[in-house]
Amino acid sequence: MTKNKSLAIEVKGLQKVFGDNKAVDGIDLEVPSGMIYGVLGPNGAGKTTTINMLATLLGPDGGTAKIFGHDVVKEPQIVRQLIGVTGQYASVDDKLSAIENLVIFGRLLGLSRKEAKAKANELLEEFGLTEAAKRPLSKFSGGMRRRLDLAASLIAQPPLIFLDEPTTGLDPRTRNQMWDTIRRLVKSGSTILLTTQYLEEADQLADRIAVIDKGRVVAEGTPNELKRSIGAATLQLQISSEAHIAEARSIIEKVLGVKTQNPEPKLITAPMKDPDTVTDLLVALKKAGIKLDEVSVQKPSLDEVFFALTGKEKTAKKGEK
Amino acid sequence: MEAVTTIVPGEQRELKNHISLKRTIQNSITMAGRGLIKMRRNPEQLFDVVFQPILFTVMFTYLFGGAIAGNVTSYLPLIIPGILAQTIVTASVVTGTQLREDMDKGIFDRFKSMPIARIAPLAGALMADVIRYVIATTLTFIMGLIMGFHPGGGILGVLGASALLIAFAWCLSWIFAFFGVIARSASSVQGISMIVLFPLTFLSNAFVPVDTLPGWLKWFATMNPISHLITAIRDLVNHGAIHGDFWLTVLGAIVIIAIFAPLTVRAYMRRA
């Protein structure tokens, strides 16, 4: 029991079936308190269904899930006092203003009218929405809505926050703001479970990642562990003159200690295990008088991650939901 | 943006897996408040309860008054309670379907994930709609008074009838809320409900004395629960009296809510 309590989330063999589609097919998860845990997977992998079950919105068809040691099926009202949920679609009221939304949620959580107002103002300030507080939400941008949605999840200061694809559809600037907010939350002591389709997002934010596909966990670990299992980034060098290709390849292979490939006449690619050695390589090439047109690094894409982990092309999963 | 105040860890919180009756009522009132703000922002939601009483009272009274009661004034004590019942029943259908439209939005997912009484989002929304029934009832009485109606039951009779109508409509709205929750779309509920309610309200004693009807129809119109409601209202408005029909109506309302409130909450919880 004491062991379980230090875990924010403990999931064993969780299942959910819709008709003949096993949306969640035996997921196991252990999320320690105080970290950002990323759940990475394509559309239809079962991410949202899993969150809905953990947030007591959906009853599981098999397995167990515990939030801080409390079973989501047997003690749903306790679990609801421990979580905040921010869904893919902003779950705030369009017809109401930002402040009205937050005050209503505060009142529902048992705050007095005065406390609810104070809390609402505090959160609006924190999320940079004070100026828009009285405007109806229909005039809000997508980013503002997401921020308000997240603010609404934080009224009760829940120790566990579910963020279901918090940045899908946001522009890069707003996405970076959202990332900062998420990092700040975890500093204050919250545990965050975050789902995303973007490898980069999981990489930037998460302390640990579970990759899920077709309702199953296909890999789990820190971002670095996962990347190593998937394969390193690829270094791409465009050489000015074809005459130098052979010499360049031998220098690269010697300095980086890897095998190179020559997919196009002037292009050399090599797996990049240690970015530090690239400096040595560039110096060595310069000494040998080999001119470069372009240097770039190709990171493994989500497609490649899935190809590596599931052995199937992403396109093969079309039509699933 | 400063760091947020430190969060109390999950294992150090005092938690209960039960929501008290007091919290349930508080939650429902908060949700009703939400409904009222929405109505203020969206006054077109009230069109039906504003225009139907005005239109129907004028239309049916002048259309049938002479033929059925000899003149308009002596038809009013018969028709006003009929129109009241008809208006309030259709208003409760709209309530149920509007609730469904509301539920299709993401905000209901948030309500479900919050530690609040499960019934509150539904009960609160239906409570806010009491204002719709108040508007419909008041306007129908005002139209009647303008056209020369003198309620024999006095102000108490009118208030009593209004209270009965509003309470009945609130209980009735749970039926449509239930169908709203289980149906595939809000508009389909409204369509089907209207098909059921049209005969229920017209094949009653709302507009004509039942003695003039052929035997089978007379039987139906007498059995029709809407007829009991109308008779109870006529007793109150015209004579300030409470008879068996009143108690039958109250009993009917209690039975409806006892069956449909739990069913609706259960169906609502099952929807993902």
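In every chain, residue numbers begin from 1 and rise along the written sequence. As a convention, the first chain written is A and the first ligand written is 1, with the rest following in written order. Owing to the predicted nature of the model, reporting of local features is limited to residues with pLDDT of at least 70; listing and counting of side-chain atom pairs is limited to 80 or more, with chain, interface and lining totals taken over all residues.

Caption draft 1: Structural detail: the domain arrangement of chain A. Domain parsing of chain A yields domain 1 (2-95 + 136-228) and domain 2 (232-299). One C-alpha centre belongs to domain 1 of chain A, the other to domain 2 of chain A, and the line joining them spans 41 Å. Here the limits of each domain have been adopted from an automatic or database domain assignment.

Caption draft 2: Highlighting the environment of Phe56(B). Residues and elements named next belong to chain B. Mapped onto the elements, phenylalanine 56 comes out in helix H2 (residues 47-69). Distance in space between the C-alpha atoms of phenylalanine 56 and threonine 140 is 8.8 Å, their sequence separation being 84 residues. It is the C-beta atoms, placed from the backbone, that decide contacts: two residues are in contact if theirs lie within 7 Å. When neighbours within four sequence positions are excluded, phenylalanine 56 is seen to be in contact with Ile83, Gln86 and Thr87. Only runs of H or I of at least four residues qualify as helices and only runs of E of at least two qualify as strands under DSSP, and these elements are numbered from the N terminus.

Caption draft 3: Molecular detail of unusual backbone geometry. All names here are of chain A. Positive phi outside glycine occurs at threonine 56, with the angle close to 65°. Note that threonine 56 resides in the loop between helix H2 (47-54) and strand E4 (62-67). For glutamate 165, which is not a glycine, the phi torsion comes out positive at approximately 45°. Relative to the helices and strands, glutamate 165 resides in the loop between strand E7 (160-164) and helix H7 (172-187).

Caption draft 4: Layout of the pairing of strand E10 (residues 216-221) of chain A. Residues and elements named next belong to chain A. Sheet topology places strand E9 (residues 208-213) next to E10; 5 bridges connect them, and they run antiparallel. What sits directly across from aspartate 213, in E10, is arginine 216. Strands are treated as partners if at least two bridges between them are detected by DSSP. Taking the residues between adjacent antiparallel strands as the criterion, E9 and E10 are bridged by 2 residues, where lysine 214 takes a positive phi near 50°.

Caption draft 5: Region of the structure containing the sheet that holds strand E13 (residues 267-272) of chain A. All names here are of chain A. With antiparallel pairing, the 4 strands of this open sheet are ordered in space as E12-E13-E11-E14. The strands lining the two open edges of the sheet, one partner per strand, are strand E12 (261-264) and strand E14 (292-298). In this sheet, neighbouring strand axes are inclined to one another by 25° on average, regardless of whether the strands run parallel or antiparallel. The pairing of E12 with E13 spans 2 bridges and is classified as antiparallel. Looking across to E13, one finds that glutamine 261 is bridged to threonine 269. The convention used is that axes are lines fitted to C-alpha atoms, helices contributing only their stretch in contact, and that angles between N-to-C directions extend from 0 to 180 degrees.

Caption draft 6: Seen up close, the pairing of E4(A). All names here are of chain A. Where strand E1 (residues 7-18) meets E4, 5 bridges bridge the pair, whose relative direction is antiparallel. Following the sheet pairing, valine 11 is matched in E4 by alanine 65. Direction of pairing for E4 relative to strand E5 (residues 70-71): antiparallel, over a ladder of 2 bridges. Within E5, the position partnered with lysine 66 by the bridge is aspartate 71. Between E4 and E5, which pair antiparallel in sequence order, lie 2 residues; one of them, phenylalanine 68, sits at a positive phi of approximately 45°.

Caption draft 7: How the structure looks around the interface of chain B and chain A. Contact with chain B, which involves 32 residues of that partner, is made by 42 residues of chain A. For the side of chain B that touches chain A, the secondary-structure elements that each account for two or more residues are helix H1 (21-41) and helix H4 (107-113) of chain B. Among the elements that make up the side of chain B that touches chain A, the one with the highest residue count is H1(B) (7 residues). Following the grouping adopted for this structure description, the nonpolar residues are Ala, Val, Leu, Ile, Met, Phe, Trp, Tyr, Cys and Pro, the charged ones are Asp, Glu, Lys and Arg, and the polar ones are all others, Gly among them. Class assignment for the residues of the side of chain B that touches chain A results in 14 nonpolar, 10 polar and 8 charged.

Caption draft 8: Here's a closer look at the packing of H2(B) against helix H6 (residues 130-146) of chain B. Residue and element names in this part refer to chain B. As a packed pair, H2 and H6 sit with axes 8 Å apart at the nearest point and diverge in direction by 25°. Of the possible angle classes, the one that applies to H2 and H6 is roughly parallel. Note that H2 runs across H6; the crossing there is right-handed. Contacts from Val49, Val50, Pro53, Ile54, Thr57 and Val58 in H2 reach Arg132, Ile135, Ala136, Leu139, Thr140, Met143 and Gly144 in H6. By residue class, the composition of the contact of H2 with H6 is 9 nonpolar, 3 polar and 1 charged. Just so you know how the angles are binned, under 35 degrees is roughly parallel, over 145 roughly antiparallel, 65 to 115 roughly perpendicular, and the rest oblique. By convention, the crossing between two helices is left-handed when the near helix turns anticlockwise from the far helix through less than a right angle, and right-handed when the turn is clockwise.

Caption draft 9: Main features of the sheet that holds strand E8 (residues 191-196) of chain A. All names here are of chain A. Spatially, the 6 strands line up as an open sheet ordered E6-E7-E8-E3-E9-E10, and their pairing is mixed. Either end of the sheet is taken by a strand with one partner, and the two such strands are strand E6 (83-86) and E10. Each strand of the sheet is rotated relative to its neighbour by a mean of 15°, with strand direction disregarded. Where strand E3 (residues 36-40) and E8 come together, 5 bridges link them in parallel fashion. Each residue of the ladder has a partner; that of tyrosine 37, found in E8, is leucine 193.

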